Amino acid sequence: MFKKFLDAIGNLFKSLFGGGTEPKPTPKPKPTDPNTEIPQDGSEITPDTIIIVADETENVIIKPDEKDIEFDDDLGVDENIPATIPDDNQNTDSGSETDESTTDEEGGSGGPVEGEVPQGRYLWCLDNGHGQYTKGKRSPVFDDGVTQFLEYEFNRDIVRRIMAQLDEHGISYYNVVPEVEVDDFLRERVDRANTKKSDLPKVFISVHSNAASARSSKHWAAASISGIETWYFHNSKKGRKVASIFQKHLIDQTGLKNRHLKSRPESQFFVLRKTRMTAVLTENGFYNNKAEAAKLMTDEMRQKIADAHVVAILEIEKNGI
Ligand SMILES: [Zn+2]
């Protein structure tokens, strides 16, 4: 069913890498060895990559008991993760509990607080994407000569705002990387989410901001490249459904340009490929678009972005995946 979306690839390339920048040389095929190529977010997607673009308004029908593909099992890097993964989808209570069959903790630290009546139907694994020591992931310096957009700080601020609201709603979440002074922590993020004990099925949300190709990290990218996109694991209908709900609310709340849903048939982001649960990655605006970065620095826009995530979570909590 994704073939129909392949038609949009050309448009995507245009929107990602067009905008009056210098012409690119003919792209050469790149090796797609997942062990050496571990893209972290949308800013690392190269022009020669096949990307599926999906419309978030197209309804995703998931039949009861329909199997889903929610992760890659190809890398063999997760020896410490229990091997009792059921071969059907992970989004059932029994699937989640089977995965955690060795636990003797009541409720698990990510689920309802001990002694409290369980609320909500999922454990939301909130991932802030990068650490303080991650290279790049920052804007050029603004005109004041000092101010810079730092992606790790933005991602954490959005996650912090989401968590504050989920507390009010009594919805379970797990802050995957509360530490600040870390680098990418890529495998640790995935391992923590996968091994997190929970009586509730888990959903992984990775929060990011995007960067377009630019002359250098000191130069702002083309002003024409802007907006929000949400990524999901290829062939995961549940991932696409969750992504569509996040994307819809992000566009509604922020008014930023709609770049729709995206996925890759190969070498998908590590956090989408290896998390053994429904997983999506939101790219909330372009921090090296000067005008958009200025918006992303404001309290108002950050709150809108966080609110959109929360509204999406509430919708999924209400209706299920
Ligand atoms: Zn990022």
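So, here's what we can say about the structure. Predicted, not measured: the structure shown is a model, and the values here were computed from it.

As for the overall build of the chain
And step 1. Each helix and strand in the chain was counted, giving nine helices and seven strands.
And step 2. Counting all 321 residues of the chain, 44% fall into the buried class.
And step 3. The contacts of the chain with a sequence gap of at least 6 include a subset with a gap of at least 24, amounting to 80%.

Looking at the packing of helix α4 (residues 151-169) against helix α9 (residues 299-319)
Packed helices, taken two at a time, are described by the angle between their axes plus the distance between the axes.
And step 1. For the pair α4 and α9, the least separation of the axes is 9 Å and the interaxial angle reads 45°. With respect to each other, α4 and α9 are oriented oblique. Note that α4 runs across α9; the crossing there is right-handed. Mapping the contact onto sequence places Asp157, Ile158, Arg161, Ile162, Gln165, Leu166 and His169 in α4 and Arg302, Gln303, Ile305, Ala306, His309, Val310, Ile313 and Leu314 in α9.
And step 2. A per-class count over the contact of α4 with α9 returns eight nonpolar, four polar and three charged.

Focus: α4
And step 1. Compared with the 27 Å implied by 1.5 Å per residue over 19 residues, the 27 Å span of α4 between its first and last C-alpha is a close match.
And step 2. For α4, every residue scored as buried is listed here: Glu151, Tyr152, Phe154, Asn155, Arg156, Ile158, Val159, Ile162 and Leu166.
And step 3. Next to the buried residues of α4 lie β2 (123-127), β3 (173-175), β4 (202-210), β7 (278-286), α8 (290-296) and α9.
And step 4. Where α4 ends, the next residue or the one after it, Gly170, has phi of about 65°, a positive value.

A closer look at helix α6 (residues 237-254)
And step 1. The end-to-end C-alpha distance of α6, which contains 18 residues, comes to 26 Å, matching closely the 26 Å that a straight helix rising 1.5 Å per residue would cover.
And step 2. Gly255 sits one or two residues past α6 and shows a positive phi near 75°.

Focus on unusual backbone geometry
Residues other than glycine predominantly adopt negative phi, and peptide bonds predominantly adopt the trans conformation.
And step 1. The backbone of Asp65 shows a phi angle near 65°, a positive value even though the residue is not glycine.
And step 2. Positionally, Asp65 belongs in the loop between β1 (52-54) and α3 (93-99).

What about the sheet that holds β1?
And step 1. The strand order across the open sheet formed by seven strands is β1-β6-β5-β7-β4-β2-β3, and the pairing between neighbours is mixed. The sheet is open, and its two borders are formed by β1 and β3, each paired with just one other strand. Looking at each pair of strands side by side, their axes are set apart by 25° on average, direction ignored.
And step 2. Where strand β5 (residues 228-232) lies against strand β6 (residues 258-263), three bridges are found, and the strand directions are parallel. Bridge assignment links Thr230 to a residue of β6, and that residue is Leu261.
And step 3. α4 rests against β2, β3, β4 and β7 of the sheet, and its axis sits at about 140° to β4.

Quick notes on the nonpolar core
And step 1. Counting 64 residues, the largest nonpolar core has Trp124, Cys125, Leu126 and Val280 as its most contacted members.
And step 2. It is α9 that contributes the most residues to this core, seven residues altogether.

As for the environment of Arg189
And step 1. With respect to the helices and strands, Arg189 occurs in helix α5 (residues 186-195).
And step 2. Between the alpha carbons of Arg189 and Asn175 there is a distance of 10.0 Å; along the sequence they are 14 residues apart.
And step 3. The residues touching Arg189, leaving out its near neighbours within four places in the chain, are Asp127, Val176, Val177 and Val271.

Re the pairing of β4
And step 1. For β4, a buried count of nine out of nine residues is recorded, marking the element as mostly surrounded by other parts of the structure.
And step 2. Where burial is concerned, the two faces of β4 agree: the one with Lys202, Phe204, Ser206, His208 and Asn210 and the one with Val203, Ile205, Val207 and Ser209 are both buried.
And step 3. As judged from the five bridges shared by β2 and β4, these two strands associate in the parallel manner. Bridging across to β4, Leu123 finds its partner in Lys202.
And step 4. Bridge analysis of β4 against β7 gives seven bridges, and the strand direction is parallel. Following the sheet pairing, Val203 is matched in β7 by Thr278.

Rules used throughout
Residues numbered from 1 in each chain as written. Predicted model: local features only at pLDDT ≥ 70, side-chain atom pairs only at ≥ 80, totals over all residues. Helix = DSSP H or I, 4+ residues; strand = E, 2+ residues; numbered from the N terminus. Buried ≥ 20, exposed ≤ 12 C-beta atoms within 10 Å, placed from the backbone. Contact = placed C-beta atoms within 7 Å. Axes fitted to C-alpha atoms, helices over the stretch in contact; angles between N-to-C directions. Parallel < 35°, antiparallel > 145°, perpendicular 65-115°, else oblique. Left-handed = near helix turned anticlockwise from the far one by under 90°. Nonpolar A, V, L, I, M, F, W, Y, C, P; charged D, E, K, R; others polar. Expected span 1.5 Å × (residues − 1). Pairing = 2+ DSSP bridges. Core = buried A, V, L, I, M, F, W, Y, C linked by C-beta atoms within 7 Å.

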